[in-house]
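# Architecture at a glance
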Amino acid sequence: MTGLPLLLLLWFLPPTSEKRSLTRCVLTTSLQILEDYYRPGDLIIGGNLPLATIVLSSNSLRFRKDPFQHLLPILIRPKKYQQFLALVFAVTEVNKDVVLLPNITLGFHIYDNHQIERKNSLISLSLLSTRGRMVPGYVCDNQGTLLSVIGGLSSKSSRQMASIFSIFKVPQLGVGFEFSQGERTVYPSFLRINPKEFPQYVGLVQLLLYFQWNWVGLLAPESDDGEHFISSLMPMLKEREICLAFTEKLKLDFLVYTKLKLLHIFKTWSKAEVIILFGDSISITNILAVMNVHEQWTKTSFCKVWILTSHWKVSMMGSQDLLKDINPFHGALHFRDHTGDISEFSHFILSLDPLNPQEDIFLPQWWERVFECKFYKPDEIVPHQQKACTGKENIQNLPTYVFEIGMTGESYNIYNAIYALAHALHAMYGSGPQPALTRLGKKISKVRSWQILYYLRTVLFNNSAGDEISLSENALGSAHFDLLNWVFLLNKSFVPIKVGKIDPRAPSGKDFTINPDAIVWATKKKPFPRCGMKRCQAGERRRVPEGNPVCCYQCDSCPEGTISNQTDAAHCEPCPEDQYPNKIKDQCITKKIHFLSYQEILGYTLASIALFLSLITSAVLVIFRKHHDTPIVKANNRDLTYILLISLLLCFLCSFLFIGQPGKLTCLLQQSAFAILFSLAVSSVLAKTVIVVLAFMATKPGNRTRKLFGKPLSNFIVLSCPLVQAILCATWLLMSPPFPNLDFHSLFGETILECKQGSVLMFYIVLAYLGFLALVSFTMAFLARKLPDSFNEAKFITFSMLVFCSVWITFLPTYLSTKGKSMVAVEIFSILASAAALLACIFFPKCYIIMLRPSLNCRENIRRTKNL
């Protein structure tokens with residue numbers, strides 16, 4: 001009974017290896033449609049590249065078996081083949097380097113996916129399987145270990161492959177997609193070999209700003225990549241106030257509807273001189289076809305400037321028939337992945353021999369395509385009008401738009417990816433505690449593809465071109481882009497000319513460089529695509545009419561007091577207080593300091609008048625002092641006369657405090673000296689008037705008023721009235737004294753340097769007190785004007801005080817209505833005029849008698865006059 005369970009157990013055990021070899025549940029038929037190139041090695045690098053395109057014919061398909069098993073024409077894309085050659089070349093070079101990987105030989109297994117999405121899955125599973133059998137994850141023969149995979153040269157195919165290789169943790173180096181936070185865990189083994197696209201978008205915006213373009217069109221495919229491009233670029237354009245004339249998304253097909261839509265776009269938006277194109281081979285083929293139709297219908301050349309992103313590839317199917325189709329891209333500006341100078345690669349390409357392809361099944365197909373010939377066996381007859389390939393054709397004669405001998409950006413990325421793998425292997429086993437590589441026959445043991453992931457993410461080296469290379473989940477570390485200008489030359493060649501570059505690691509301001517003089521424009525001259533052709537110059541600001549896009553603005557002159565020193569300034573900036581705008585309002589000019597100086601005519605004139613009147617007053621004082629014993633001097637109180645003359649002299653001299661650049665000391669002295677000195681002068685006049693009245697009263701019999709009150713009263717008036725003014729001025733100076741002040745706003749283009757009054761109230765109190773004294777003096781003199789006096793001095797005082805009061809009454813409104821030096825000049829004029837009135841009216845008649853009519857200067861004449 002014990003034998004029965006044992007038999008049942010043996011029945012459920014897995015089959016032996018011989019039985020497994022007979023299993024038919026593995027996928028083998030699909031592998032027959034895959035084209036590959038295998039080179040053995042200790043470690044294998046897989047490749048999934050879009051080298052050719054299968055042209056499907058609906059007439060030959062009956063949907064009774066797999067369409068791809070039909071014998072369908074295959075069209076090699078010449079430029080895609082360079083990516084294949086870059087992989088082969090890089091592996092060959094690494095194997096020659098005895099220092100980098102001295103004991104390891106790298107091999108490769110490259111498939112052509114024909115740009116068919118279904119094949120991406122088949123190829124991915126095939127690379128994970130034993131050759132010829134679709135059994136992912138099992139190694140049953142001597143095939144080398146799969147180290148990594150190069151493939152997925154579009155974001156869509158990269159995702160498709162990453163979903164398979166991430167399961168087996170095989171490093172995949174491909175054209176990346178923008179990772180979200182969740183996708184980093186979904187695709188842990190994917191590393192991006194092309195640079196991040198954001199620096200390219202920044203460079204594109206900088207290009208538009210450099211040429212001052214703000215009205216452009218935008219074309220992108222209706223795909224995830226196109227959506228990402230538009231959503232990333234549009235906010236950047238909006239931030240820099242660049243408007244889009246149109247934004248169109250194109251379906252990735254060859255349908256007539258798509259082409260008609262394009263034709264409508266080109267017709268409707270013909271004013272958009274610059275068009276940004278983000279597209280792949282299908283959308284570009286549609287655009288080329290529509291541009292040719294547009295030119296045939298309109299009989300005009302489609303002269304637009306195209307700005308092409310790095311996704312755009314000049315990948316023509318032949319070398320002659322489609323040259324005219326790409327002519328509309330003459331003058332295009334193309335951002336392309338940066339490529340270094342790998343001169344050995346050009347020698348490698350020139351050494352290709354289609355007669356000895358060394359198991360490269362793609363080389364003869366590519367050769368036939370680019371040289372438009374066909375290989376025939378020696379016994380075959382060459383058909384009529386068919387060109388036979390000799391294998392000696394010169395690759396250097398191929399046009400650039402068909403095939404470039406120099407390494408393109410995409411090929412350069414693949415080249416760097418292979419070297420990154422080699423350096424990661426070197427870091428993994430060349431140093432550190434990891435065990436050395438050992439061989440079991442022809443097989444490397446203890447190598448697992450997932451082990452190299454950490455070293456790939458941290459690899460950092462300089463390649464043979466001198467560029468620093470690093471890899472991460474985000475992107476290739478050296479995120480450089482070259483700016484090319486595609487030029488259609490007179491010799492019928494279509495060549496790229498490097499005119500600039502983007503280097504995000506460069507200092508700000510040097511991250512984008514361009515040589516505009518090297519650019520050949522499709523429009524014969526640099527285009528100027530703007531919504532409004534007139535740009536706002538310096539001194540103007542933009543104004544956007546209601547309902548218009550922000551770039552469709554009008555230009556208005558800057559308001560008063562503001563400037564704009566940039567083109568298309570959004571706002572005008574006010575000048576600092578000490579500056580003012582020039583005439584065209586594009587820069588600020590330092591304001592001239594405004595004050596009454598001696599160098600200008602007004603200041604020179606007033607100073608001369610003040611000096612002249614001072615000399616006259618001094619002369620009168622000398623005359624009176626010389627004739628102080630004469631009756632006319634004695635009769636008018638010599639002491640009061642001297643005080644009045646000295647005070648008038650000082651009043652004239654105080655005018656100089658108002659002329660010249662104001663300072664702290666002059667501001668303190670100006671108004672106080674003027675007020676006190678004029679109070680002294682008016683007080684002296686008031687005292688003289690009082691003496692006249694007392695003298696009249698003394699003529700009456702028995703009246704001793706003059707003897708009792710004359711001199712004491714006059715002394716009291718002369719001392720007390722100026723003292724009250726001095727007390728007011730001292731209070732003013734203690735409470736809120738005058739100070740130098742800069743007035744930036746009263747006069748255009750000038751800064752008034754003036755003495756601010758400090759306390760305006762005290763200023764008017766001082767003036768009011770002076771006016772009160774003048775009014776009292778005028779009243780007393782007016783009442784005493786008809787009293788008998790020796791020389792009618794009361795009449796002269798009355799007239800002088802009338803002039804004095806008139807001057808200061810007109811002073812106030814004039815003073816308040818003027819600014820700057822004019823205001824100072826008004827006050828100086830009032831000082832000089834009022835003091836001169838006192839001097840002239842009171843002293844000139846007496847000087848006339850003293851100097852010209854001395855006969856009247858006698859006691860008899862004075863008595864006679866009194867008796868009258």
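Residues numbered from 1 in each chain as written. Predicted model: local features only at pLDDT ≥ 70, side-chain atom pairs only at ≥ 80, totals over all residues. Heavy atoms only, no water.

## Digging into the overall build of the chain
- Across its full length, the chain holds 23 helices and 29 strands.
- The burial tally for the chain puts 50% of its 868 residues in the buried class.
- Looking at the chain alone, contacts between residues at least 24 apart form 70% of all its contacts between residues at least 6 apart. (Helix = DSSP H or I, 4+ residues; strand = E, 2+ residues; numbered from the N terminus. Buried < 20%, exposed > 50% of the residue type's maximum accessible area, 1.4 Å probe, protein only. Contact = heavy atoms within 4.5 Å.)

## Regarding the pairing of strand 18 (residues 481–488)
- The buried fraction of strand 18 amounts to seven of the eight residues, a majority that puts the element mostly inside the structure.
- Pairing of strand 13 (residues 333–337) with strand 18 involves five bridges; the strand directions are antiparallel. Along strand 18, the bridge assignment pairs Arg336 with Asp482.
- Examined bridge by bridge, strand 18 and strand 19 (residues 494–502) share eight bridges and lie antiparallel to one another. Counted as the bridge partner of Asn485 is Ile497 from strand 19. (Pairing = 2+ DSSP bridges.)

## Regarding helix 7 (residues 198–210)
- Taking 1.5 Å of rise per residue, the 13 residues of helix 7 would be expected to cover 18 Å, and the 18 Å separating its terminal C-alpha atoms lies within 8% of that figure.
- Among all positions in helix 7, only Pro199, Gln200, Tyr201, Gly203, Leu204, Val205, Leu207 and Leu208 are buried. (Expected span 1.5 Å × (residues − 1).)

## Considering the UniProt feature "transmembrane region" (unreviewed entry) in the chain
- UniProt tags residues 601–624, 640–660, 672–696, 716–735, 761–784, 796–816 and 828–849 as "transmembrane region" (unreviewed entry).
- For residues 601–624, the helix share is 100%, the strand share is 0%, and the end-to-end C-alpha distance is 34 Å.
- A distance of 28 Å separates the end C-alpha atoms of residues 716–735, which is 100% helix and 0% strand. (UniProt positions renumbered as here; feature names shortened; annotations may be inferred.)

## Concerning the pattern of salt bridges
- Per the counting criterion, the structure on display carries twelve salt bridges.
- Lys96 is the partner of Glu93 in a salt bridge, and the nearest nitrogen-oxygen pair spans 3.8 Å. A residue pair is termed a helical-turn pair when its members lie 3 or 4 positions apart in one helix, as Glu93 and Lys96 do in helix 3 (residues 78–96) at three residues.
- Overall, the relative accessible area of 58% leaves Lys96 in the exposed class.
- The salt bridge partner of Lys756 is Glu754, with a shortest N-O separation of 4.0 Å.
- Since its relative accessible area comes to 39%, Lys756 is described here as partly exposed.
- Through salt bridges with shared partners, a single ionic network connects Lys79, Arg336 and Glu404. (Salt bridge = Lys/Arg side-chain N within 4 Å of Asp/Glu carboxyl O.)

## Things to note about the packing of aromatic side chains
- Applying the stated criterion across every chain, the model contains 35 aromatic pairs.
- Consider the rings of Phe89 and Phe348, whose centres lie 5.4 Å apart with planes at 50 degrees: the pair is tilted. In this pair, Phe89 is assigned in helix 3 and Phe348 in helix 11 (residues 343–350), connecting sequence segments 259 residues apart. Side by side, Phe89 and Phe348 carry an identical accessibility label, which is buried. (Phe/Tyr/Trp six-rings, centres within 6.5 Å; stacked < 30°, edge-to-face > 60°.)

## Overview of the state of the cysteines
- Counted by the stated rule, this structure contains six disulfides.
- Covalently, Cys558 is tied to Cys572 through a disulfide, its sulfur atoms 2.0 Å apart. Taking the sign of the torsion about the S-S bond as the criterion, the disulfide between Cys558 and Cys572, at about -75 degrees, is left-handed. Taken as a pair, Cys558 in the loop between strand 22 (554–557) and strand 23 (562–563) and Cys572 in the loop between strand 23 and strand 24 (573–574) lie far apart in primary sequence, 14 residues in all.
- Residue pairing for Cys667: its cysteine sulfur links by disulfide to Cys755, the two sulfurs lying 1.9 Å apart. (Disulfide = S-S within 2.5 Å.)

## What about a nonpolar patch on the surface?
- A contiguous nonpolar surface patch, about 330 Å² in accessible area, is contributed by Val760, Tyr764, Leu812 and Leu816.
- Within the secondary structure, Leu816 is located in helix 21 (residues 793–816). (Patch = residues over 30% accessible without salt bridge, like charges linked within 9 Å, V, L, I, M, F, W, Y side chains within 5 Å. Areas by Shrake-Rupley, 256 points an atom, 1.4 Å probe, with all protein chains shown as cover.)

## Some points on empty space enclosed by the protein
- Using the criterion set out here, one finds four cavities of 30 Å³ or more in the structure.
- Of the voids in this model, the largest cavity is the one considered here, and its volume is about 190 Å³.
- Along the wall of the largest cavity there are 19 residues; nearest its centre are Gln670, Glu754, Cys755, Gly820 and Val824.
- Elements with a contribution of two residues or more to the lining of the largest cavity: helix 18 (664–698), strand 29 (750–756) and helix 22 (821–852).
- The residue inventory of the lining of the largest cavity, partitioned by class, reads ten nonpolar, six polar and three charged. (1 Å grid on protein atoms, 1.4 Å probe; cavity = no way out; pocket = protein on both sides within 12 Å on 5 of 7 lines; lining within 4 Å. Points joined across faces, edges and corners; volume = space filled by probe spheres on them. Nonpolar A, V, L, I, M, F, W, Y, C, P; charged D, E, K, R; others polar.)

## Concerning the nonpolar core
- Formed by 91 residues in total, the largest nonpolar core has its most connected members in Phe84, Leu106, Trp306, Phe329, Trp366 and Ile395.
- Sorting elements by how many residues they give to this core places helix 13 (residues 409–429) first, with 13 residues.
- Contact partners of Leu106, with chain neighbours within four places excluded, come to Pro40, Gly41, Leu43, Ile45, Val91, Val94, Asn95, Leu101, Leu147 and Leu425.
- Of all hydrophobic cores here, the second largest spans 67 residues; its members include Leu648, Cys654, Leu677 and Ala774. (Core = buried A, V, L, I, M, F, W, Y, C linked by side-chain atoms within 4.5 Å.)

## Digging into the sheet that holds strand 13
- Taken together, eight strands build an open sheet; the order of strands is 10-9-11-12-13-18-19-20 and the sheet is mixed. Edge positions in the open sheet fall to strand 10 (243–250) and strand 20 (512–514), since each of these has one partner strand only. Strand-to-strand twist in this sheet, taken as the mean axis angle between neighbours without regard to direction, amounts to 25 degrees.
- Against the sheet, helix 7 makes contact with strand 9 (215–221), strand 11 (274–277), strand 12 (305–308), strand 13, strand 18, strand 19 and strand 20, and its axis sits at roughly 50 degrees relative to strand 20, the strand it touches most. (Axes fitted to C-alpha atoms, helices over the stretch in contact; angles between N-to-C directions.)

## Some thoughts on the environment of Leu421
- Within the element layout of this structure, Leu421 appears in helix 13.
- Each C-alpha atom of the pair Leu421 and Leu173 lies 9.5 Å from the other, and the pair is 248 residues apart in sequence.
- Ignoring any residue separated from it by four or fewer positions in sequence, one finds Leu421 in contact with Ile45, Ser148, Leu173, Ile452 and Leu456.

## Structural notes on the environment of Tyr201
- Residue position: Tyr201 is located in helix 7.
- Taking C-alpha positions, Tyr201 is 9.6 Å from Leu237, a pair spaced 36 residues apart along the chain.
- When neighbours within four sequence positions are excluded, Tyr201 is seen to be in contact with His228, Phe229, Ser232, Leu233, Met236 and Phe278.

## Considerations on the pairing of strand 10
- Strand direction decides the pairing type here: strand 9 and strand 10, joined by seven bridges, are parallel. The residue of strand 10 that forms the bridge with Pro221 is Leu250.
- In this fold, strand 9 hands off to helix 8 (residues 224–239), which returns the chain to strand 10; that crossover is right-handed. (Right-handed = clockwise from strand over helix to strand, strands pointing away.)

## Side note on the packing of helix 3 against helix 11
- It is at 11 Å that the axes of helix 3 and helix 11 come closest, and there the two elements cross at 110 degrees. When the axis of helix 3 is compared with that of helix 11, the two are roughly perpendicular. Contacts from Gln82, Leu85, Ala86, Val88 and Phe89 in helix 3 reach Glu344, Phe345, Phe348 and Ile349 in helix 11.
- Across the contact of helix 3 with helix 11, the residue classes break down as seven nonpolar, one polar and one charged. (Parallel < 35°, antiparallel > 145°, perpendicular 65-115°, else oblique.)

## Some remarks on the side chain of Gln82
- Within the fold, Gln82 resides in helix 3.
- Those residues in contact with Gln82, other than ones at most four positions away along the chain, are Phe345, Ile349, Phe403, Glu404, Ile405, Gly406, Met407, Thr408 and Ser411.

## Examining the confidence of the model for the chain
- In this model, the chain carries a mean pLDDT of 80, and residues with pLDDT of at least 70 account for 78%.
- Contacts from residues 317–321, a stretch scored under 50 in pLDDT, to residues over four places away or in other chains number 16 contacts. (pLDDT = per-residue confidence, 0-100.)

## With respect to the packing of helix 4 (residues 117–127) against helix 5 (residues 155–165)
- Between helix 4 and helix 5, the shortest axis-to-axis distance is 10 Å and the interhelical angle comes to 35 degrees. Our pair here, helix 4 against helix 5, has a crossing hand that is right-handed. Residues Glu117, Arg118, Asn120, Ser121, Ser124, Leu125 and Leu127 of helix 4 form the contact with helix 5, whose participating residues are Lys156, Ser157, Gln160, Met161, Ile164 and Phe165.
- Of the residues contributing to the contact of helix 4 with helix 5, the split by class is five nonpolar, five polar and three charged. (Left-handed = near helix turned anticlockwise from the far one by under 90°.)

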